[in-house]
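What the coordinates show
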Amino acid sequence: MNRDRLAQFFNRFPVNLAVILLCALWLLPTFGLFITSFRPQEAVNSTGWWTALASTRPGRGAYQQFCAECHGDSYNALPNADLTNPDLIGTFRRSLNLAATFNREYNGVIHIPEDKRPNPQETADILDHLRIVSGLQAPPAQFTIANYKDVLVGYDARGGTYDEACAADGATGTRTCDFLTDATAPNAVFRGMLNSFAVAVPSTIIPILIAGFAAYALSWMDFNGRRVMFALLVGLQIIPLQMVLVPIYRMYTDLGLNGTFLGVWLFHTGFGLPYAIYLIRNFVGRLPSELFESAYLDGANHFTVFRRIVLPLALPAIGALAIFQFLWIWNDLLVALIFLGNSAPVLTYQLSQMVDSLGGGWHRMTAAAFVSIIVPLIIFFAFQRFFVRGLLAGSVKG
Amino acid sequence: MLKRLSLLVVVLLLIAGSAYAQDASNIDCMGSEGSTLSIMASWAGEEEETFRSIIGPLLEACNITLSYEGTRDMNTLLPTRVEGGNPPDVAIFANPGALKSFADNLVPLTDLGVNADSYSESWQTLGTANGNWLGLPLKTDVKSLVWYSPVAFEAAGYEVPTTWDEFVALMDQMVADGGPAPLAMGFESGGATGWTATDFVQDILLRTQGADYTNGLATGETAWNDQGVIDAWTTYVDWVNKYNVGGADNATTTPFADAILMPFQDPPQAWMVKQSGFAGSAVIQPNFPDYVYGEDFAFFVLPGQGEEAPPMQVSGDILGVFNNTPATQALVAYLSSAEGATAWAASGFDLTPSSAVDMSAYENPISADKAATLAEASGVSYDVGDLVSPAVGQAEFDGITAAVGGGDVTEILNNIQSLMEQNMEATPEASG
């Protein structure tokens, strides 16, 4: 018994290991980004995210190694060189200034003998530590939610945070410094999220609704040219979206649809339809014909069959398709940029605005990424069962 | 009596108030009151805020509603808008090449009431296509700067070099001292990787061959595979290998913004970084809020062969107008006026190319020093990479990246030259 288990374990071991490794490969960078999104700009600048979880800073250790012997554990063992004195530490603007003292003689003794000197990095760590000890600078914060706050209100200056700016300058023309008011302002990211919903929800429902009817018609209604029509629709998929941007933009200019939600809905519907029809038709087409025959025999018309039989059975396909369509539209920047632009900025558009032309504001991008990821994650987990559910199982006996 | 007196006071105050308002503002609205103005630019974030503050007085005085679209994807968006017959009223281009690709759609500035006197002839020529002056020079930045840390220089006993030979000797000294590398030359920048390097090469060229020779690269008068150019490229590649942090391998993979920070970290990873004027207020200061300009960070102009000031390499953002409306007329008039130029200078958003500017308006000490170096320079040379067609510019970026990676400089420059010749042949047809 035990041996069997052991053998089973070793049989599965390579597979399990591969799965774990693959998961780690995907999750580790995401985890790193997640940690980074909670770190202040200065911390991201100076150290990697993996150091954020370590509680101590390196300066204390370096001090113990190189300085504590003479200066003591409490920093003030030498009365002439009290390292807790901010005036003394303040004279060292950079670690280079501190390093310059190593060679100097104090009371006839070389400050630090040549073979015992810290390297430049250690010197910098020691100075950093002493600046904190002497009260010249506050211990650096390792974690902050400022990035998320900045993203939600759309605060996009190169340095500083929304809270700091509000504390220093107060309300300006572009902000009221009331978090909820600012977060729902027309140019804030939260509003962008609402706009994204306004774009994505109808753009998902409309094409799938039409595609459902079309798929039923193409698979179970007998009319001439059915196959040709289906082939044509499938063939439409090969038209790249970028090719039609200018013609459709021109058309929309004439129709006054630029900058309206309707225009974007129609565009996404047009481009979502071929694939949606293709996918649902393949699914509906494979339903057993006995189901339909018995339904027709019982006197059901096409609409009843569609509503009572096809729709419930095709739910997994429709659900999966809806998730894909929704995620694709949620993540789309190009279409929203061209047809909506700044008249109703969507989330992706807002996020692309967070960083200026020289890369300023980069430290907020990780937080922005997680803000934009939340909705797809919720959608995915909420509708995940559609991927795995096999409604067909047991629907036909015999 | 009292009532009448107070009425008199009120009337007097009203008169004084309106007189004051007229004095405070010389803005000519051109009848644009209450209209809307749409602007597309690549400025987002803090840059957008600054730009809005510059044109704020105009919008307020004329009650114009601004519809501003700041996008990093102007190369996608603007052609679609123009082709689709719905261009923004005004677009701000990062270089003259982009402006000229819309030469057929833009309104000549002379039709819009521009104050031409505010701009030198070379700035006007920059935005001229098919004989029409289309591009209003809006913003310029000096590129031939070397940023360093005076505090660190002092601690190490280094002096700011005043001649080319001193500069090279200083870098050799730094290598010999065994400390941090002399230069942070990382130039990774996504699809535009290479621009920092080509800027540097152009600065070397300006110092070894002079401004006329260098400017000739853009017009075709100087061949790209000429010996002088080959020498400059070779010098740059040598320097990357000798003086860069981590040598040539690191140069192509280190983001340019990270390289800018290297001399200012503690401990420093490099002694100096050659980068445009934006580095100070847009990168160093926001990343090190406690640092004081002039003590913790400062710049010197990359020295020339002799003691005299070398030519300055500059970049520029240019405004083009698609729709001739009262609002765009008012905007062009305002930006080209002394008032607009001074508002630009006061904003600290790089420098204004307008000669109508009041130099004392540069309140920010970094901007003031940059403006002073530009005024002292013995001439200006526009970034060649921005003047040539986008294809040649990209070939130059890719070429320098390949050269740093060990490619053959002569072969790379031969390719750029033949591409340049193809483009020169194609241009007359395209414009005709």
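Residues numbered from 1 in each chain as written. Chains lettered and ligands numbered in written order. Predicted model: local features only at pLDDT ≥ 70, side-chain atom pairs only at ≥ 80, totals over all residues.

**Structural notes on the overall build of chain B**
For chain B, the count of helices and strands is 19 helices and 12 strands. Scaling as 2.2 N^0.38, a compact globule of 432 residues should have a C-alpha radius of gyration of about 22 Å, and chain B matches this with 24 Å. With respect to the principal axes defined by its C-alpha atoms, chain B has extents near 90 × 60 × 35 Å. Counting all 432 residues of chain B, 49% fall into the buried class. Restricting to contacts in chain B with at least 6 residues of sequence separation, those with at least 24 account for 78%. (Helix = DSSP H or I, 4+ residues; strand = E, 2+ residues; numbered from the N terminus. Rg over C-alpha atoms; globule rule 2.2 N^0.38 Å. Buried ≥ 20, exposed ≤ 12 C-beta atoms within 10 Å, placed from the backbone. Contact = placed C-beta atoms within 7 Å.)

**Points about helix α14 (residues 261–285) of chain A**
Because each turn of an α-helix spans 3.6 residues, side chains separated by three or four positions end up pointing in the same direction. The first and last C-alpha atoms of α14(A) sit 34 Å apart over 25 residues, in line with the 36 Å expected at 1.5 Å per residue. At A:Leu273, α14(A) is deflected by roughly 40°, the largest bend along its length, and proline A:Pro274 occurs up to four residues later in sequence. (Expected span 1.5 Å × (residues − 1). Bend = angle between axes of the 7 residues up to and from the residue.)

**Thoughts on helix α7 (residues 120–133) of chain A**
All names here are of chain A. Its 14 residues place the ends of α7 20 Å apart at the C-alpha level, agreeing with the 20 Å of an ideal helix rising 1.5 Å per residue. Looking only at α7, the buried set comprises Thr123, Ala124, Asp125, Ile126, Leu127, Asp128, His129, Leu130 and Val133. Among the structural elements, α3 (58–66), α5 (86–89) and α6 (95–101) are those in contact with the buried residues of α7. A positive phi of about 80° marks glycine 135, the residue just after α7.

**Re the pairing of strand β9 (residues 270–274) of chain B**
Residue and element names in this part refer to chain B. Counting buried residues along β9, 5 of its 5 residues qualify, which places the element largely inside the surrounding structure. Bridging between strand β7 (residues 145–148) and β9 involves 3 bridges; their strand directions are antiparallel. Bridge pairing in β9 places tyrosine 148 opposite methionine 272. In the sheet, strand β8 (residues 181–183) pairs with β9 via 2 bridges, with the strands oriented parallel. Considered in β9, the bridge of alanine 181 is made with alanine 270. (Pairing = 2+ DSSP bridges.)

**Some remarks on the domain arrangement of chain B**
Residues and elements named next belong to chain B. Assigned domains within chain B: domain 1 (28–141 + 315–374) and domain 2 (145–313 + 383–431). For domain 1 and domain 2, the distance between their C-alpha centres works out to 28 Å. Taken residue by residue, the interface counts 14 residues in domain 1 and 16 residues in domain 2. Secondary structure elements with two or more residues in the side of domain 1 that touches domain 2: α4 (96–100) and α16 (365–376). Looking at the side of domain 1 that touches domain 2, its residues break down into 4 nonpolar, 7 polar and 3 charged. (Domains from an automatic or database assignment. Nonpolar A, V, L, I, M, F, W, Y, C, P; charged D, E, K, R; others polar.)

**A few points about the domain arrangement of chain A**
A common way to express how large an interface is: the accessible area buried when the components associate. When the domains of chain A are assigned, the result is domain 1 (2–51), domain 2 (58–133) and domain 3 (189–353). Inter-centroid distance (C-alpha atoms) of domain 2 of chain A to domain 3 of chain A is 68 Å.

**Description of the pairing of strand β6 (residues 136–142) of chain B**
Residues and elements named next belong to chain B. Across the 7 residues of β6, 7 count as buried, placing the element largely inside the fold. In the sheet, β6 pairs with strand β11 (residues 312–321) via 6 bridges, with the strands oriented antiparallel. Residue pairing across strands places threonine 140 opposite glycine 316, the latter belonging to β11.

**Digging into the packing of helix α11 (residues 189–220) of chain A against α14(A)**
Residues and elements named next belong to chain A. Two numbers describe how α11 lies on α14: the axes approach to 6 Å, and their chain directions differ by 40°. Here α11 and α14 pass one another in a crossing that is right-handed. Classifying every residue of the contact of α11 with α14 gives 20 nonpolar, 7 polar and 1 charged. (Axes fitted to C-alpha atoms, helices over the stretch in contact; angles between N-to-C directions. Left-handed = near helix turned anticlockwise from the far one by under 90°.)

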